[in-house]
Amino acid sequence: MSTSPRRAIIRACSVPVLLCSFAPSVLAQALQEVQVISTTPLPGAAISKDKAPFSVKEVNDLNRDSDRESLSSSLFRGISGTQITENQGNPYQADLTYRGFSVTPLLGTPPGLSVYVDGVRQNETFGDVVRFDAIPQSALKEVAVLPGTLPQFGLNSLGGAIVMQTKSGRDFQGRQLDLEVGDYGRKRIGFQQGGVDESTQQDYYLNLNHFDEKGWRVLSPSTVTQFFGKAGMTGSDTVAHVSLNLYGSDLNGNGVVPRSLYEQNRAQSYTYVDNTKNSGGQLAFDFSRYFDDGNSLSANAYYRSSRSRTFNGDGNENEDYRFGVAEFEPDRTEIEMRPGIVYNQNCSAPRATPYAPGTVTFEEGDPAAIDPDSADCPGANNYGLLQQDLLGLSMQYALAPMGAHTLAVGAQAEFGRSDFRREYALGVFNPDRTVRELHRRIEQVNVQANNRQFGLYAQDVIALNEQTTLLLAGRYNHATVKTGDRLAIPLINEEGESGPGLNNNYTYRRFNPSFGVSFAPSQNRTWYASAGTSNRVPTPVELACSDPEFPCLLPNAMAADPFLEQVITTTVEGGYRSRWQQGASQYGFSVNLFSADNKNDIIFVTDGAGSGGFFQNYGKTRRQGLELDFEAEQGRFDFAARYQYLDATFRSSARLASEGNSSATDTSGNPAVEGGFIQVQPGNRLPGISKHNLKLSLGVKAAESTLLFVDMQAQSEQFARGNENNQHQAGTVNIPGQGPVTFQDNGKVPGFAVFNLGANHRISKQVTLIARLNNVFDREYFNGGVLGGNLFDTNGQLVEEEDDITYETFLAPGMPRSAWLGMSIRF
C-alpha cells in the first residue's frame with residue numbers, strides 16, 4: 001500500500017519529544033518550514049510551534065556552546081529564566097533553576113522540574129535528583145524547556161519540563177574525534193560514530209566521552225566517563241529504537257566557603273573532602289506505529305540502575321544520643337579538663353554499647369549522659385551509599401484529526417526501589433582541614449524505599465478556526481511512597497525517647513487540568529495564554545527527614561517520617577512571539593508573563609549553622625515575572641538578548657528555625673544564635689533566587705571558515721539561605737547568657753556579570769579548531785550562599801572557644817578565568 005508524503009514526513013520526524021523541521025524535497029514547493037513541538041513525553045501528539053498556546057525555550061546550536069561536557073552549568077546559558085547555582089563547586093553537581101524551580105543532582109534541594117531524554121523521565125526514585133554526569137552533552141540533538149502548564153509530563157513538572165532528544169544514525173553519519181586540553185589540568189576526549197544502512201533501513205549511533213580535570217579549588221579533581229549507543233529501524237509504518245547509556249564518575253565538590261576564608265585564598269574550601277562516586281546505566285526501547293487511518297501508537301520501556309557513594313569530611317554536627325555523641329562545641333579549657341584529652345588531638349570515644357530508650361535524659365548533671373560525651377570531637381567523616389533501580393513503561397494513542405479535534409490519550413507507570421545507608425566516624429582535624437578518624441563508624445540510617453507512580457492523561461487540540469487553537473488537557477496521578485527502617489539500633493532524642501522510625505506507606509492522588517489558547521493573526525505571529533496545575537509528591541528523602549524533634553544532616557541522617565502534603569502548583573502564563581524577515585536578515589521576538597502559586601511547598605529548614613535541619617510543608621509561595629527574548633541574524637552577525645524579571649516570594653507567615661541569622665530569637669522573643677527562629681512574612685523573597693537575569697550573546701562569522709562569539713551572563717543579588725525573612729544584618733547582637741555576638745555581613749549574595757569568548761576555525765572539511773576563554777575579566781563572583789558559623793580562624797585553625805566562632809555567609813564561588821583548546825576531526 002502506498003504511503004502519503006504527509007505520513008512519510010511524520011515517520012521521519014517522529015522523535016520521542018522535541019522539535020522537528022519539515023522541509024522534505026517532495027513538498028518543497030507546497031510547504032514552508034514548519035516547526036512542531038510535542039505536548040506529551042511520547043511522539044504523536046505534536047502541535048505546530050506557531051499554534052502552541054504556551055512558551056517554548058530551546059537550544060538549537062549545541063555544537064557552538066561554550067562548554068560541551070557539563071550539562072547543568074553551560075548548556076542552558078542561552079535560555080532565558082535559567083539560573084545556575086554551583087553550591088558544591090563542581091560543574092556536574094550544579095543546581096539548575098528555571099522560573100524559581102530547581103532540579104539538582106544532590107539530595108536535599110526540593111525538586112520542581114522534570115527532565116526527559118528520548119521520552120524517558122530522568123528524575124531518580126529516591127529524591128527526584130537528576131544525574132547530569134550520566135548524560136553526554138555531545139550526544140544531544142535538541143533541548144527545550146516547556147512551562148508548568150503541561151501536566152501531561154507528570155509528577156514534578158511544577159515549574160516545567162526539560163526535554164532532550166539524542167542523536168541517531170540518521171542525524172549523525174561518519175566519525176568524529178574530539179580532543180580538548182585546558183587550565184586546571186582539564187582534558188577531554190570524545191568519539192562519536194553513526195550511520196545508516198539504506199538497504200535495511202537500520203541506523204546506529206555511538207558516543208564515548210571521557211573528562212578529567214584537577215579542579216580549580218583545592219583537592220577538587222573530577223573524572224567522568226560516559227557511553228551512549230542507539231540502534232534504530234524504520235519500516236513502512238513503524239519506527240523503533242533501542243538505546244544503552246552507561247556512566248561512571250568520581251566527583252569532588254567542596255561546597256560553600258566562609259567569606260573570611262575565601263578572602264584569604266580564593267581556591268580553598270571550608271573542610272575537605274566532599275567526594276561522590278556515581279555509576280549506573282539505562283536500557284531503553286521505544287517504538288511508534290502509524291496506521292492507515294492516520295492514528296498512531298507510541299510506547300517505550302526502560303530500566304535504570306544507579307549506585308552512588310559519598311564521602312564528606314566536615315565539622316561534627318552529629319547528635320546521636322544512643323552513643324553519647326553531640327554536636328561539637330569549642331571550649332579548649334573544658335575539653336582539656338577531661339583526662340587524656342588534648343584539644344583537637346584526640347577526643348572522647350562514643351559509648352561502646354548504646355543507651356536503651358527511656359534509660360537516660362541528656363540534661364546537665366546527668367552522669368550517664370556526661371561520660372562519655374563526644375561533643376569534644378570537632379570533626380566527622382560521613383559516609384553514604386545509595387542504590388536505586390527503576391522500571392518504567394509508557395504508552396500513547398494519538399487519533400487522526402476528526403473535524404476540528406485532534407485527540408491523544410496516554411498512560412505512564414514507574415516502579416522504583418532504593419536503598420540508602422549513612423554512617424559517620426568521629427575524629428579531629430588535620431592541619432589541611434581534612435578529618436583524621438579516631439573512632440569506629442556508626443550506622444545512623446538504613447532505609448529501603450519503594451515508589452510506584454501511575455499516570456493517565458488525555459489532550460484535545462481544537463482548531464476553532466484558521467487563526468485560533470484551543471488545547472485542553474488533563475492528567476490523573478496516583479503515587480505511593482513506602483519506606484522500611486532497617487536500622488538495628490533505634491535512634492533516641494535528647495529526652496531519651498525512641499524515634500518513630502522510618503516505616504510508612506503513604507498514597508497521593510491528584511487530577512491536574514490545563515487549557516491554553518493561541519491566536520495567530522498571520523504566519524509567525526502568535527498571541528497565547530495558558531493555565532494549568534501540576535503536583536509532586538514528597539520524596540522518600542523528604543519524608544524520612546521531616547520531624548523537628550529528629551533533625552537530619554545532608555547527606556541525610558534520617559530519623560522520622562511524619563506525613564508531608566503533596567505540593568500543588570497553579571501556573572498561568574501568557575505572551576506574544578513573532579518571527580519576521582527583512583531582506584536577508586531574520587528576527588525573532590517574544591514576551592512572556594507568568595505566575596506560579598505553590599500550595600504546601602516543601603522547604604528545607606536549617607536547624608543550626610551547619611547542614612542540619614528538616615523538611616516541612618510551607619503554606620504558599622509564589623514565583624511570577626516577565627521574560628523578554630530578542631534574536632537577530634544579519635549577514636555575518638547573529639545576536640541574542642534574553643532577560644527575566646522574577647519575583648519569588650513567600651505568601652504565608654511562618655516561624656522557621658534559622659541559627660546564624662542576626663534577627664533570630666528564642667521562644668521567649670530574646671535574641672538567640674543556638675535554637676533561634678525567624679519570622680517569615682508574606683512578601684519576603686525566597687533565598688537563592690535572583691530577581692534580574694540577563695543573557696547576551698553575539699556571533700560573528702569573521703571568515704568563511706571562522707566563527708567568533710561572545711556571551712555575557714548577569715544576575716542581580718540574592719538572599720542567602722537562612723535569611724528567609726530578609727532581615728539579617730551585619731553587626732553585633734547581645735545574646736542573653738552568652739554576651740555580644742558579631743555577624744560579619746548582610747546575608748546577601750552580590751550580583752555579577754561574567755563574559756565568555758569562543759572561536760571555531762575550520763582548517764579543512766575534516767578538522768575544526770576550538771578555543772574558549774571563560775570569565776574573561778577574571779571576575780570574582782558568587783552564585784549562591786548560606787548563613788553559617790565558621791569554626792576556623794583566618795589562618796585555618798580550629799577556634800579554641802565558642803565565642804570565637806564567626807557568623808558569616810558561606811559562599812559558592814564562581815570559577816576564575818579559564819581557557820581551553822580543542823580539535824574536532826571528522827572522518
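Keep in mind it's a predicted model, so treat the numbers as computed, not measured.

Caption draft 1: Spatial organisation of the overall build of the chain. In terms of regular secondary structure, the chain is built from six helices and 43 strands. Looking at the 827 residues of the chain, the share that counts as buried comes to 59%. With the model as given, the accessible surface of the chain reaches about 31500 Å², and the carbon-plus-sulfur share is 54%.

Caption draft 2: Structural detail: the state of the cysteines. Taken as a whole and assessed by the stated rule, the structure comprises one disulfide. In this model, Cys-347 is linked to Cys-377 through a disulfide, with the two sulfur atoms separated by 2.0 Å. Given an S-S torsion of about 85°, the disulfide between Cys-347 and Cys-377 has right-handed geometry. Of this pair, Cys-347 sits in the loop between α4 (332–336) and α5 (367–370) while Cys-377 is found in the loop between α5 and β20 (379–398), placing the two residues 30 residues apart along the sequence. A relative accessible area of 7% means that Cys-347 is categorised as buried.

Caption draft 3: Summary view of the sheet that holds strand β10 (residues 140–147). Read from one edge of the open sheet, five strands run β4-β10-β11-β8-β9, paired in mixed fashion. Here the strands that pair on one side only, and so sit at the sheet edges, are β4 (57–59) and β9 (120–121). Looking at chain direction, β10 and strand β11 (residues 160–166) are connected through seven bridges and run antiparallel. Residue pairing across strands places Val-145 opposite Ile-162, the latter belonging to β11.

Caption draft 4: Focus on the nonpolar core. One finds Phe-76, Val-103, Val-143, Ile-162 and Met-164 to be the most contacted residues of the largest nonpolar core, which totals 34 residues. The set of elements that each furnish at least two residues to this core consists of β6 (95–98), β7 (101–103), β8 (113–117), β10, β11, β24 (468–485), β25 (504–522) and β28 (585–606). With 27 residues, the next largest nonpolar core counts Val-256, Ile-341, Val-733 and Val-799 among its residues.

Caption draft 5: View of the sheet that holds β7. With respect to topology, three strands assemble into an open sheet ordered β5-β6-β7, the strand pairing being antiparallel. Lying at the two open borders of the sheet, with one neighbouring strand each, are β5 (82–85) and β7. With direction set aside, neighbouring strand axes in the sheet form an average angle of 25°. As defined by bridge partners, β6 adjoins β7 across three bridges and the pair is classed as antiparallel. Bridge pairing in β7 places Tyr-98 opposite Phe-101.

Caption draft 6: How the structure looks around the pairing of strand β26 (residues 525–536). The element β26 is largely enclosed, with a buried count of nine among its twelve residues. Summarising the sheet, β25 and β26 pair through seven bridges and their orientation is antiparallel. Across the sheet, the residue bridging to Ser-522 is Arg-525, located in β26. Counted between consecutive antiparallel strands, the loop separating β25 from β26 contains two residues, among which Asn-524 sits at a positive phi close to 70°.

Caption draft 7: Up close: the environment of Glu-198. One can find Glu-198 in the loop between β13 (186–197) and β14 (202–213). Judged by relative accessible area, Glu-198 falls into the exposed class, the value being 55%. Expressed as a C-alpha distance, the spacing of Glu-198 and Thr-234, which sit 36 residues apart in the sequence, is 9.8 Å.

Caption draft 8: Up close: a negative patch on the surface. Side chains of Glu-319, Glu-327, Glu-329, Glu-334, Glu-494, Glu-495, Glu-497 and Glu-674 sit close together on the surface and give a patch of like negative charge. In this structure, Glu-494 sits in the loop between β24 and β25. The partly exposed category is assigned to Glu-494, whose relative accessible area is 40%.

Caption draft 9: Structural detail: a nonpolar patch on the surface. On the surface, Leu-179, Ile-189, Ile-763, Leu-769 and Met-823 cluster together to form a nonpolar patch covering roughly 390 Å² of accessible area. Structurally, Met-823 is set in strand β43 (residues 818–826).

Caption draft 10: Main features of the packing of aromatic side chains. All chains considered together, the criterion is met by 20 aromatic pairs. Aromatic side chains Phe-291 and Tyr-397 sit 6.3 Å apart centroid to centroid with 45° between the ring planes, which places their arrangement in the tilted category. Remark: Tyr-397 occurs in strand β20 and Phe-291 occurs in the loop between β18 (274–290) and β19 (296–315); sequence separation between them is 106 residues. Look at Tyr-397 and you get partly exposed, because its relative accessible area is 29%. In this structure, Arg-441 is placed above the aromatic ring of Tyr-383, and the distance from its NZ or CZ to the ring centre is 3.5 Å.

Caption draft 11: Quick peek at the pattern of salt bridges. This structure, assessed with the given rule, holds 32 salt bridges. The shortest N-O distance in the salt bridge between Glu-627 and Arg-99 comes to 3.1 Å. Placement of Glu-627 in strand β29 (residues 613–634) and of Arg-99 in the loop between β6 and β7 is noted, with a sequence separation of 528 residues between them. Neither residue differs from the other here; Glu-627 and Arg-99 are each classed as buried. For Asp-237, the salt bridge identified is with Arg-289, shortest N-O distance 3.3 Å. Taken as a pair, Asp-237 in the loop between β15 (222–234) and β16 (238–252) and Arg-289 in strand β18 lie far apart in primary sequence, 52 residues in all. Taking the relative accessible area as the measure of exposure, Arg-289 reaches 33% and is therefore partly exposed. Beyond isolated ion pairs, a larger network of salt bridges with shared partners links Lys-57, Arg-99, Glu-573 and Glu-627.

Caption draft 12: Structural context of the environment of Thr-732. With respect to the helices, strands and loops of the structure, Thr-732 is situated in strand β36 (residues 731–735). Owing to a relative accessible area of 53%, Thr-732 belongs among the exposed residues under this scheme. Note: C-alpha distance between Thr-732 and Gln-744 (twelve residues apart in sequence) is 8.7 Å. Beyond its immediate sequence surroundings of up to four residues, Thr-732 is in contact with Pro-740, Val-741 and Thr-742. Within the structure, the side chain of Thr-732 is placed 3.2 Å from the side chain of Thr-742, a separation counted as a polar contact.

Caption draft 13: Structural detail: unusual backbone geometry. Of the consecutive residues Tyr-272 and Val-273, the connecting peptide bond is found in the cis state with omega at -5°. Note that Val-273 resides in the loop between α3 (259–264) and β18. With phi around 60°, Asp-128 is a residue other than glycine that occupies positive phi space. Counting through the fold element by element, Asp-128 comes out in the loop between β9 and β10. Taking the relative accessible area as the measure of exposure, Asp-128 reaches 9% and is therefore buried. Phi at Gln-201 is positive, roughly 60°, even though this residue is not glycine. Relative to the elements of secondary structure, Gln-201 occurs in the loop between β13 and β14. Relative accessible area serves as the criterion here: at 26%, Gln-201 is assigned to the partly exposed category.

Conventions and cut-offs
- Residues numbered from 1 in each chain as written.
- Predicted model: local features only at pLDDT ≥ 70, side-chain atom pairs only at ≥ 80, totals over all residues.
- Heavy atoms only, no water.
- Helix = DSSP H or I, 4+ residues; strand = E, 2+ residues; numbered from the N terminus.
- Buried < 20%, exposed > 50% of the residue type's maximum accessible area, 1.4 Å probe, protein only.
- Areas by Shrake-Rupley, 256 points an atom, 1.4 Å probe, with all protein chains shown as cover.
- Disulfide = S-S within 2.5 Å.
- Pairing = 2+ DSSP bridges.
- Core = buried A, V, L, I, M, F, W, Y, C linked by side-chain atoms within 4.5 Å.
- Axes fitted to C-alpha atoms, helices over the stretch in contact; angles between N-to-C directions.
- Patch = residues over 30% accessible without salt bridge, like charges linked within 9 Å, V, L, I, M, F, W, Y side chains within 5 Å.
- Salt bridge = Lys/Arg side-chain N within 4 Å of Asp/Glu carboxyl O.
- Lys, Arg positive; Asp, Glu negative; His and termini not counted.
- Charge placed at Lys NZ, Arg CZ, Asp CG, Glu CD.
- Phe/Tyr/Trp six-rings, centres within 6.5 Å; stacked < 30°, edge-to-face > 60°.
- Lys NZ or Arg CZ within 6 Å of the ring centre and 35° of its normal.
- Contact = heavy atoms within 4.5 Å.
- Polar contact = N/O pair within 3.5 Å; in protein donor to acceptor, adjacent residues only side chain to side chain.

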